[in-house]
Amino acid sequence: MANAPNAESIVVGALNPVEGKVVPVPSHEAINEKIRPSVDNNELGALDSEIKAAPAVVPQYEIDEDSNKDNNSDDVIIITGADAAAHLLPMRDDGDPAITFRSLFLATCLSAFQAVMSQIYYFKPTSVTISGTFIVLIAYFVGKAWSNILPRGDKLEARWREKGGQGDIPQWIKIVSFFNYGPWGLKEHSICAITATSASNASASIVVFAAQDLFYDLPLTATAIVLSTISIGLFGYGVAGLLRPIAVWHVDAVYWSTLPTVKTLQGLHWQDLKSSKPLRFFWYSFVGMFLYEFFPAYIWPWLNSVSIPCLAAMHATGSKAAVLSNLFGGSLNNEGLGFFSLSFDWQYITSFNTSLPLPLQAHAAAGYVICFAAMLGIYYTNAWGAKSQPFMSTRLRTEEGGAYPIAKVFVGGILDKDALTKYGIPRLTGSFAYAMFMANAAIGALITHCIIFWGGDVKRAFKSAKAGSYDDRHHVHMAKHYKETPWYWYVAVLIFSFILGLVVVIKENITLPVWAYIVALLLGIIIAPFSTLLYSRYGNGIATNNLSKMLAGLMLPNRPIGNMYFAAWSHNVISNTVNLSNDLKMGEYLKIPPRAMFLTQIYGTVVGGFVNYAVMTSIVNGNRELLVDSNGNSSWSGANIQSYNTNATSWALARYLYRTGAKYDIVPIGLAIGGGIVIIHRVFVYFIPKYRGFSFSDINMPQFIQYAGYIPYNASQTCVLLSQVITGFFVQFYLRNYRPRIFKDYSYLVTGAFDGASLTALFILSFAVFGASGRSKPFPNWWGNNADSETNYPDFCPIPQ
């Protein structure tokens, strides 16, 4: 999803390198803790046939001898998580090593690259996204180059034996094998990519440090920053470990949105370009999308917002122009609802939207319709005095509809009550107040739905796990062949992170009381299981960050710094729990040892946190005036960090906006209303469970409520919505039901290629013409690129004069 412009982004809402000692190098088998009782090397490819069902609980799976396929399932329609486990995701496990020198070395380099790039471009005028399939492709090419260019241990050993070598191989071959044993393997590649993407887990803490240093002249000591970075970055990991029976080992915990990455990794390593048609299509798709992306991203941006109604209305003026733009405009954030607009720019469509299961696609489409109707109804009936404000905006507004002077009300980050009296209580647009209410309603619905619809399943999952019985054949395989990470490892991380954070809260001046720190963590611990459960089954969760900010504003009024830390600790417990659970499930699909996943994820998070901090310190100290007091220059911009600080200070006004009797007091009540809707739904399902084969229990109220209020806050560039819905239904309805072989073999690979290609093109454009290297070079204005027009938006909807 496109990011809002900065002006509208104010949201209310086995090495021992240190000692220099020579240490014995364990084998790859020992490193990866593979359990190999009576398993001969020739049997590694046939492990699937040894998988037996657990008594009474686990269904019997007939596994094809060709472990690249599952149950001859080309024509099976995949609907449920069990279908995906049995027919979409292969059981193949080559027994190749995951943790090797080169996988850790490249993981460290790519983690640093990810952290450096994300931190640098947080302070750049132009943002660059480095994530997902792009990292997978970088790791693939670098790993392949490493294995093919450097001397390889397996080849040297083969030559040595051809010359008559017997017994233990020479020490020099062992040393070469340690650095580069054989071909670049799937598990090494996966560990490298997953570890690199985890480097952003501690980024929230770094932003807090930067804001505190820049705007409040309260720089923290290096020790405090190190401790709090580790605490914030790792706390959610402990929670994730305790949720594994339901969030990782359960067959319905599919994590649908991560499947394109899984299928891309498997396709790159298990298929040969000459003999594999799907892999050839992957590269055809990659090259084609790479070349095409330069047009909508730079040369012909109108392709991102094709609107026939806007073309027809381009010469309208006055109130008619305002109404037409409200209805059909969508090329820019908060322009309008984007009715009938289409986007042909894949960077905004993404494989995320095509991978979500059909029930969620239906919930999203129905929710959007309700959201459109509600936004129009609120504005044109003047609810909350909506007509005195813009139709759409995420900023705090004055009574007359102008931008609220936050800097004058919060002098030095502290609330000036005289200024507050002078400028008045800020206002929200009607559409954004509605979005805030629906976001809270979705959280209340989330908690209630998980308890009264899935509570029994959660209990059964934990009981089955305790008995050693599992319903996901991938975990059956993992439990049989690999050592599981003990639960007390996760508890140790939980306790360790808590103590580190407690030390920071007590010793440092971060304006967050100990009781508020504990409340922040408890809030995250309470919400995280529900959020992870929903995300694992639908591929998309419920946004909970506004709840953290609202509660912080209510409990810690007039403390913007404390508000930042409260939100960082509470929300990152939730996000990191979801992220690690997702990665652990990916590890099961790719047959990566659980302990290797645990250690490398923590390693990536810590490395990323330190690199982020080092880069942030260098940028802040060298460009302080530019970042604080101006719009920056062609190289550096403080817009993002200024918006973040304004966001925090805005939430410090929560008690004035949302307390009982205030204009928006219904916003926090949304929590209870959302829960009540789910209770009514449950009662209805009890009496009328089905109608003509449709089960009413398949309706997920948290997702529906979220999408019914999604647009003002999460999707304000509305030109992409219809394209996302169409592509999602094409893949999940048409291909899944009527072309199941194409769905299984091609859809995830092709959309993953599209993702990687569009990100690669954008990465190049960012440095070449978008200003990432210092100077931007806009494409000349022409009919398809009218970004500088004073009378029309980029989609040619009229700008109200």
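An account of the accompanying structure is given in this report. Bear in mind that the values here come from a model prediction, so they are computed numbers and not experimental data. (Residues numbered from 1 in each chain as written. Predicted model: local features only at pLDDT ≥ 70, side-chain atom pairs only at ≥ 80, totals over all residues. Heavy atoms only, no water.)

**A few points about the overall build of the protein chain**
Here comes step 1: Across its full length, the protein chain carries 34 helices and 4 strands.
Here comes step 2: Counting only residues that meet the buried cut, the protein chain has 58% of its 801 residues in that class.
Here comes step 3: Carbon and sulfur atoms provide 63% of the accessible area of the protein chain, an area that totals close to 32,300 Å². (Helix = DSSP H or I, 4+ residues; strand = E, 2+ residues; numbered from the N terminus. Buried < 20%, exposed > 50% of the residue type's maximum accessible area, 1.4 Å probe, protein only. Areas by Shrake-Rupley, 256 points an atom, 1.4 Å probe, with all protein chains shown as cover.)

**Quick notes on helix H31 (residues 701-708)**
Here comes step 1: Of all 8 residues in H31, 7 are buried, a share of seventy percent or more.
Here comes step 2: Every buried residue of H31 is listed here: Met701, Pro702, Gln703, Ile705, Gln706, Tyr707 and Ala708.
Here comes step 3: Looking at the buried side of H31, the elements it contacts are helix H16 (358-380), helix H19 (430-452), helix H23 (514-538) and helix H30 (666-687).
Here comes step 4: Two or three places before glutamine 703, at the opening of H31, asparagine 700 has a side-chain oxygen 3.0 Å from that residue's backbone nitrogen. (Contact = heavy atoms within 4.5 Å. Polar contact = N/O pair within 3.5 Å; in protein donor to acceptor, adjacent residues only side chain to side chain.)

**Focus on the packing of helix H4 (residues 132-149) against helix H11 (residues 259-270)**
Here comes step 1: Where H4 meets H11, the closest approach of the two axes is 10 Å, and the angle between their N-to-C directions is 20°. What the angle tells us is that H4 and H11 run roughly parallel. As for the relative orientation of H4 and H11, their crossing is right-handed in sense. Residues Thr133, Val136, Leu137 and Tyr140 of H4 pack against Thr261, Thr264, Leu265, Leu268 and His269 of H11. (Axes fitted to C-alpha atoms, helices over the stretch in contact; angles between N-to-C directions. Parallel < 35°, antiparallel > 145°, perpendicular 65-115°, else oblique. Left-handed = near helix turned anticlockwise from the far one by under 90°.)

**Notes on the packing of helix H5 (residues 153-162) against helix H6 (residues 171-179)**
Helix-helix packing is characterised by the crossing angle of the two axes and by the distance between the axes.
Here comes step 1: At a minimum axis separation of 8 Å, H5 and H6 run at an interaxial angle of 155°. By the angle between their axes, H5 is roughly antiparallel relative to H6. Mapping the contact onto sequence places Gly153, Leu156, Glu157 and Trp160 in H5 and Trp172, Ile173, Val176 and Ser177 in H6.
Here comes step 2: Here the residues of the contact of H5 with H6 are counted per class, giving 5 nonpolar, 2 polar and 1 charged. (Nonpolar A, V, L, I, M, F, W, Y, C, P; charged D, E, K, R; others polar.)

**Observations regarding the state of the cysteines**
Here comes step 1: Tallied over the full model, the rule gives 1 disulfide.
Here comes step 2: There is a disulfide in this structure between cysteine 310 and cysteine 797, and the S-S distance comes to 1.9 Å. Judged by the torsion about the S-S bond (-70°), the cysteine 310/cysteine 797 disulfide is left-handed. Highlighted residues: cysteine 310 in helix H13 (residues 308-312) and cysteine 797 in the segment after helix H34 (740-768), separated in sequence by 487 residues. As far as burial versus exposure is concerned, cysteine 310 and cysteine 797 are alike and both buried.
Here comes step 3: The thiol sulfur of cysteine 719 is not disulfide-bonded, and the nearest other cysteine sulfur, from cysteine 310, lies at 9.8 Å.
Here comes step 4: Owing to a relative accessible area of 0%, cysteine 719 belongs among the buried residues under this scheme. (Disulfide = S-S within 2.5 Å.)

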